[in-house]
Amino acid sequence: MTHTAAPGAHRIFGYLAALVAAGAAMLFASMLPTVLAGDTIMAEIGWAPSMGISLAFMIDGLALIFALLISGIGAFIFLYATGYMGDHPRFGRFVLYLFAFMVAMLGLVTARDLITLFLFWELTSVTSYLLIGFDHDTPRARRNALQAMLITAGGGLALLAGFILIGTAAGGYDLAVILSGPGLQDHGLYGGILVLILLGAFTKSAQVPFHVWLPNAMAAPTPVSAYLHSATMVKAGVYLLARLHPVLGGTVPWTMTLTVAGATTAVLASVLALRQTDMKQALAYTTLMALGTITMCLADSGPYALTAAMMFLIVHSLYKATLFMVVGAIDHGTGTREVARLGGLRHAMPVTVVAAVLACASMAGLPPMVGWIGKELIYAGATTMTVAPLVIVAALTANALMFAVAGIIALRPFFGAPRPTPHPAHEAPWQMLAGPVVLACLGPLVGLWAEPLLAPLVGTAVTGSLAQDRAAGLHLWAGVNLPLALSLATFALGVAIYILRARVIAGLDAVFARLPVADAAWDRGLDGFRAFAAWQTGVIQTGRLTRYMLVTFVVIAAVFVATLVRMPPMLAVSSAPSAFLWLTVGVTAAGAALSLTTASRIAAIAGLGTMGIGVAVIFIYFGAPDVATTQLMVETLAAVMFAIAALRLPAIVERRGRGRQVVHAIVAGAIGASVTITVIAISATPMDRSITTYFEENSYVLAHGLNVVNVILVDFRALDTFGEVIVVLLASFGAFTVLKRIRRSKT
Amino acid sequence: MNSLILTVGTRFLTALFLLFSVYVLLRGHNSPGGGFIGGLIGAAGLVLYGFSAGVSAARAALRVDPRTLGMWGMILALVSGLVSAFAGAGPFTGLWFTLGDVALSNVLFFDIGVYMAVFGAILTLVFALEEAG
C-alpha cells in the first residue's frame, strides 16, 4: 500500500469518526426518557429463525449506561487520536479498527440475543487484537496482541458453550425472555453454566489469574489504551456479570467466586500498580483494581453493593479515560512516560495539569468528586456483604493503595522541580485536551449534582436490569457512619503509604522477586503447546499417502464390522437372479481379479473399466438408465485419465512386504464383505417410500419434469448440485495447478 | 498417436458426441439425461479429438480455455439459482414461463451451467494431464 497523500491528510477520518460517535452518543441520550420511564427499547432482525437465533437488540438501564460511556468517551478518543497520531501513515486504518471496535462494543452491550452477544464479544477480541498489535513492526506488540487474543477469545469459546447451556436450560437465547424468567439457580445445568460464563467474563475482565494480558496490552497506541481501559473491552466482562446477575447470581458459588476473584484482583493489582514506574503500566494495573472491585460488588445481591458496582463503573470510566489521555499528552509532549524522569510539568502544560488533578482527586476518592460517592458506596456495600470482613479489608487496602498511586504516579510529574526530558515539554494540541478537560470536569460536576444527574439512570439499571427492589441513593454526605469512618481510614492509610513509598516499594520488590512471574509462565506454556502441536502433527500427518489411506479404510472397515456385529441384520435374498445377472456379476468380478493380479498397467486399467461397465449394466438391468449413463461416461473418462497418467509409468512392481499385503487384503476384504452384507440387508428390508412417493407425485406438478432424477438434481436439490459442481470444478483446477507445476519443473 | 482410423473416425465422432451431448442436456428434464451427463459426453467427444489431433488442436477447436468455460458455467448456475430471489422465492426455486409453446425456466439455465462446469472441469483435467506428460 502506498501513501501518496500528505501527512495528516487522513485526519479527516478521525474527525468524521468523532462526529459519528458523538451522534451515536446523542442518539443514546435521546433514549434516556424512555428508558428512565422503565421501558426497554427493542429491535430485531431475523437471522437464523430455525435455531431460535435473531439479530436482536435491547436498550435498558444497564445497556444505556454502557452505550453512553462507549459512544461518549469514544467521541473524545477519536478526537484525541487525531491529535495524538493524525500524522501516522496508517492513521486511516487505525480509525477504521477503532471504529469497528466501538461498533462491536455497542453491539455487545445492546445485544438481546445471547448468540448476537457472543458474536460481538468475539468481534471485540478480534478488533482489539488489531489495535494492540497496531505497531506490528515490533515483535512485542505482535506477541502481546496475540496473548490478549488467545486469552480473551479462548474465554469466549467457554462463553459460547455457557450460552448454549443457558439456551438449553432456559429454552431460548432471547435475553428479554431469559431475564424475565424464573432464573437458572435451581437448574441442573447451573454448575456448568456458572463455570463457563465466569471463565468468559474473567478472561475478558482480566481477573486473576487471567490478568497478564491487560498490562501487556499497553503495547497499543495510547488512544487505544485509553479506550480499552476506560469504557470498553475490559468492561465487557463486568457487563456480562451484571447482565446475567438476576438469573445466575445470589447463590453461594456465585458469591464466593466473585468475592474471592474480585478481592484478589483488586488487592494484587493495586500492589502491582504501586511498583510501576511507567505511568501507562501503572494505570493499567489500576484498571485491574477497578475491575476487581466491580466484580467484588457484583458478588452480592444487596442494593448498596450493586449500586456501588454501577457507580464505580461510571466513576472509573471518567477518571481512567482522562488519566490515560493525560499520560499520552505527557508522553507526546516530553518523550517519556517514566515517572522518575518527570517533574514540574505544570508550567509547560497548564491545561493538562487541571485535568490531571481533577481526575486524580476522583481516583483517590476525595470529596466532592464523583469518586468519593463511588468509594462510599463500595464501603456501604461491603458492610452488607456475606463475607463482610474480607471484603472490607480488601476494599480498604485497594483504595488506600489507589490513593497513594494517584499521588505518586499521576500527580508528581506535574509538581516539584522541573526535570530534563528527551524533548522540551510543551502543551498538547486542542484535540488532545478536549477529552481530558471535559471528562475531568465531569468528576466534580457529577459529584456535586449526583442525585439529579446520575441517580435516575443508575437507579433504573439497578432496579430494572439487575432486578432489585430499590437502589441506594447517591449522596456526598450520608451522615456519620461506618463508610465515612472507612473512608477516613483509607485517607490515613493512603497518606502513610505515600510518605513511606520508598520503603514500601522496596519491600514489595523484595517479595515479588521471589514470586514466579505469570507472564514468563505464559510464554513457557505457549512454547510447550507449540511443541506438543508439532509433535502431534508429526505423528498424525506423516505425509505418506498410503498411510492416510490405510487409516481411512481401517476406520471405515471398523465402523462397518462393528455395526454388523452389534446389530446382526436379517439376510434374505428374495428371488434367484437370472442367468444374465450371473454373467454380468461374473464379468465384473473377473475385471476386479484382473486388475488386482496383473503386472501390466494397461491390463489393470482394462480390468477396472470392465468392473465399471459391469456395474453400469447392473444399473440398466434394474431400471436406472440415468445412473447407468453417468456411470458409463465416468468410467470411460476415468479410463482415459488413467491411461494418460499411468501408461507413462513403468510396469507395476510389487514393493509391499508379505505382512503389509496381508493387512491390506484383510482391510479390503472386510470392507467388501461388510458392504455386501449391508446392501443385501438393506434390500431385504421394505423401503421407506415416502420420499420416493413425494418426488413421484410432485416432480411434474411442481417442477414440470418427468425425469425424477434430473428434477431432483436441478430443482428440488439444486443447491446440493451446485455445491457438487463447485467441488468438481475446484478439484480439476487444483489438479491443473499441480500438473502445470510438474511440467514447469521438468522443462 | 498416429492412427488413420482414429483420425478419420474422430471427425465424425466428435461432432456427433457434441451434438448428442446438447441433445442429452436438453431432454434431461423429461427423459434420461441432463447437464451432468451431457457435460461428460461432450467432454468425452473433445477428449477423443485431443487424442487424435493433439491437445493444442483440441484447445484451438474449443477456442476458450476450459477453465473459463467451467467458471462461467458455475456463475450461470449461481445466477440462475439466485434469480428466484427477485421473484420473492427462496434461492434455487424453479421459476417457469412459456414462450409460445416452449416452457422455459431458470432451471434450464441452471442445467446448462452444470453442463458447462462439468465440461470445463473434465477438459481442464484431461488436457493438463496430457500436457504434463
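Please refer to the structure higher up on the page.
In this text the structure is predicted, and so the values were computed from the model without any measurement.

Visitor: Could you give an account of the overall build of chain A, naming the residues involved and the relevant values?
Guide: Across its full length, chain A holds 31 helices and two strands. The C-alpha atoms of chain A give 35 Å as radius of gyration, which overshoots the globular expectation for 747 residues (27 Å, by more than 25%). With the principal axes as the frame, chain A shows a C-alpha extent of 105 × 65 × 50 Å. Residues classed as buried in chain A amount to 48% of the 747 residues present. In chain A, of all internal contacts separated by at least 6 residues, the share reaching a separation of at least 24 is 79%.

Visitor: Summarise helix α12 (residues 252–275) of chain A; cite the residues concerned and give the values.
Guide: Across its 24 residues, α12(A) extends 35 Å between first and last C-alpha, which sits within 8% of the 34 Å expected from 1.5 Å per residue. Between the side-chain oxygen of the N-cap and the backbone nitrogen of A:W254 there are 3.3 Å, and the N-cap of α12(A) in question is A:T251.

Visitor: Outline the interface of chain B and chain A, supporting the account with residue identities and numerical values.
Guide: Taken together, the 41 residues of chain B in the interface contact 39 residues of chain A. With both chains or domains summed, chain B and chain A bury close to 3700 Å², and 78% of this area falls on carbon and sulfur atoms. Among the residues of chain B in contact with chain A, B:H29, B:F92 and B:L129 are the three that bury the most area, contributing 15% of the side total. Linking chain B with chain A are one salt bridge, by the criterion used here. A:K740 is the salt-bridge partner of B:E131, the closest N and O atoms lying 3.1 Å from each other. Along the contact surface separating chain B from chain A lie four residue pairs in polar contact (both at pLDDT 80 or more). Going through the elements one at a time, α2 (35–53), α4 (66–82) and α5 (106–132) of chain B are the ones with two or more residues in the side of chain B that touches chain A. Sort the elements by how many residues they give to the side of chain B that touches chain A and α5(B) lands first, with 15 residues. Among the residues forming the side of chain B that touches chain A, the class breakdown is 25 nonpolar, 11 polar and five charged.

Visitor: I'd like a rundown of the packing of helix α24 (residues 545–566) of chain A against helix α28 (residues 658–684) of chain A, residues and numbers included.
Guide: When two helices pack together, their arrangement is given by the angle between their axes and by how far apart the axes lie. Residues and elements named next belong to chain A. One can describe the packing of α24 onto α28 by two numbers: an axis separation of 9 Å at closest approach and a directional angle of 40 degrees. The orientation of α24 relative to α28 falls into the category oblique. For the pair α24 and α28, the sense of crossing is left-handed. Residues T546, L550, F553, V554, I556, A557, F560, V561 and L564 of α24 pack against R660, V663, H664, V667, A670, I671, S674, V675, I677 and T678 of α28.

Visitor: Go over a nonpolar patch on the surface with me, naming the residues and quoting the values.
Guide: On the surface, a nonpolar cluster with roughly 610 Å² of combined accessible area is contributed by B:M71, B:W72, B:I75, B:V79, B:V83 and B:F86. Mapped onto the elements of the fold, B:I75 is located in helix α4.

Visitor: Can you explain the pairing of strand β2 (residues 53–59) of chain A? Please cite residues and give values.
Guide: Of all seven residues in β2(A), five are buried; the element is thus mostly enclosed. Connecting the antiparallel pair strand β1 (residues 41–48) of chain A and β2(A) is a turn made up of four residues, with A:G52 showing a positive phi of about 70 degrees.

Visitor: How would you explain the side chain of A:T598 if you had to name every residue and give the values?
Guide: Residue and element names in this part refer to chain A. Mapped onto the fold, T598 is located in the loop between α25 (579–597) and α26 (601–621). Among the residues examined, T598 registers a relative accessible area of 17% and is labelled buried. Excluding residues that lie within four positions of it along the chain, T598 makes contacts with A603, A604 and I652.

Visitor: Give me the lowdown on the packing of helix α3 (residues 61–85) of chain A against helix α20 (residues 455–465) of chain A, citing residues and values where you can.
Guide: Residue and element names in this part refer to chain A. Packing of α3 against α20 leaves a shortest axis separation of 7 Å and a crossing angle of 140 degrees. Between α3 and α20, the interaxial angle falls into the category oblique. Counting all contacts with α3, which are made through G61, L62, L64, I65 and L68, the residues of α20 involved are L457, V458, T460, A461 and S465.

Visitor: Explain the pattern of salt bridges to me, using residue names and the numbers behind them.
Guide: This structure, assessed with the given rule, holds 14 salt bridges over all chains. Here A:R112 and A:E44 are joined by a salt bridge, their closest N and O atoms 3.7 Å apart. Pair noted here: A:R112 is in the loop between α4 (91–110) and α5 (114–132) and A:E44 is in strand β1, with a separation of 68 residues, a long-range link. With a relative accessible area of 9%, A:R112 lands in the buried category. Between B:D65 and B:R67 there is a salt bridge; the shortest N-O distance is 3.5 Å. B:R67 sits in the partly exposed class, given a relative accessible area of 32%. The structure contains a network of salt bridges with shared partners spanning A:E44, A:R112 and A:D174.

Visitor: Got a sec to walk through the state of the cysteines? Specific residues and values, please.
Guide: Throughout the structure, instances matching the rule amount to zero disulfides over all chains. A:C360 supplies the cysteine sulfur nearest to A:C441, a cysteine that is in no disulfide, at a spacing of 14 Å.

Visitor: Please give an account of empty space enclosed by the protein that cites residues and values.
Guide: Residues and elements named next belong to chain A. In total, this model carries four cavities of 30 Å³ or more according to the counting rule given. A volume near 70 Å³ is recorded for the largest cavity. Lining the largest cavity are M289, F312, V315, Y319, S362, M363, A364, G365, G371, K375, N399 and M402.

Visitor: Could you give an account of the environment of A:S270, naming the residues involved and the relevant values?
Guide: Residue and element names in this part refer to chain A. Along the chain, the position of S270 falls in helix α12. When the C-alpha positions of S270 and A400 are compared, they lie 8.9 Å apart, and in sequence the two are 130 residues distant. Excluding its chain neighbours within four sequence positions, the residues that come into contact with S270 are M289, A398, L401, M402 and V405. A polar contact is formed between the side chain of S270 and the backbone oxygen of A266, at a distance of 2.8 Å.

Visitor: Please set out the layout of surface pockets residue by residue, giving values where relevant.
Guide: A water-sized probe, rolled over the atoms, reveals where empty space remains. Residues and elements named next belong to chain A. Quantified by volume, the second largest pocket comes out at close to 590 Å³. In terms of lining, the second largest pocket is formed by 22 residues, of which the most central are L68, L69, L318, L442 and L454. Those elements that place two or more of their residues in the lining of the second largest pocket are α1 (11–30), α2 (32–36), α3, α14 (303–334) and α18 (430–448). Looking at the lining of the second largest pocket element by element, the count peaks at seven residues for α3. The residue makeup of the lining of the second largest pocket, split by class, is 21 nonpolar, one polar and no charged.

Cut-offs used in this document
- Residues numbered from 1 in each chain as written.
- Chains lettered and ligands numbered in written order.
- Predicted model: local features only at pLDDT ≥ 70, side-chain atom pairs only at ≥ 80, totals over all residues.
- Heavy atoms only, no water.
- Helix = DSSP H or I, 4+ residues; strand = E, 2+ residues; numbered from the N terminus.
- Rg over C-alpha atoms; globule rule 2.2 N^0.38 Å.
- Buried < 20%, exposed > 50% of the residue type's maximum accessible area, 1.4 Å probe, protein only.
- Contact = heavy atoms within 4.5 Å.
- Expected span 1.5 Å × (residues − 1).
- Polar contact = N/O pair within 3.5 Å; in protein donor to acceptor, adjacent residues only side chain to side chain.
- Buried area = accessible area lost by both parts, 1.4 Å probe.
- Salt bridge = Lys/Arg side-chain N within 4 Å of Asp/Glu carboxyl O.
- Nonpolar A, V, L, I, M, F, W, Y, C, P; charged D, E, K, R; others polar.
- Axes fitted to C-alpha atoms, helices over the stretch in contact; angles between N-to-C directions.
- Parallel < 35°, antiparallel > 145°, perpendicular 65-115°, else oblique.
- Left-handed = near helix turned anticlockwise from the far one by under 90°.
- Patch = residues over 30% accessible without salt bridge, like charges linked within 9 Å, V, L, I, M, F, W, Y side chains within 5 Å.
- Areas by Shrake-Rupley, 256 points an atom, 1.4 Å probe, with all protein chains shown as cover.
- Pairing = 2+ DSSP bridges.
- Disulfide = S-S within 2.5 Å.
- 1 Å grid on protein atoms, 1.4 Å probe; cavity = no way out; pocket = protein on both sides within 12 Å on 5 of 7 lines; lining within 4 Å.
- Points joined across faces, edges and corners; volume = space filled by probe spheres on them.

Honestly, that's just the spatial picture; any functional story needs more than this.
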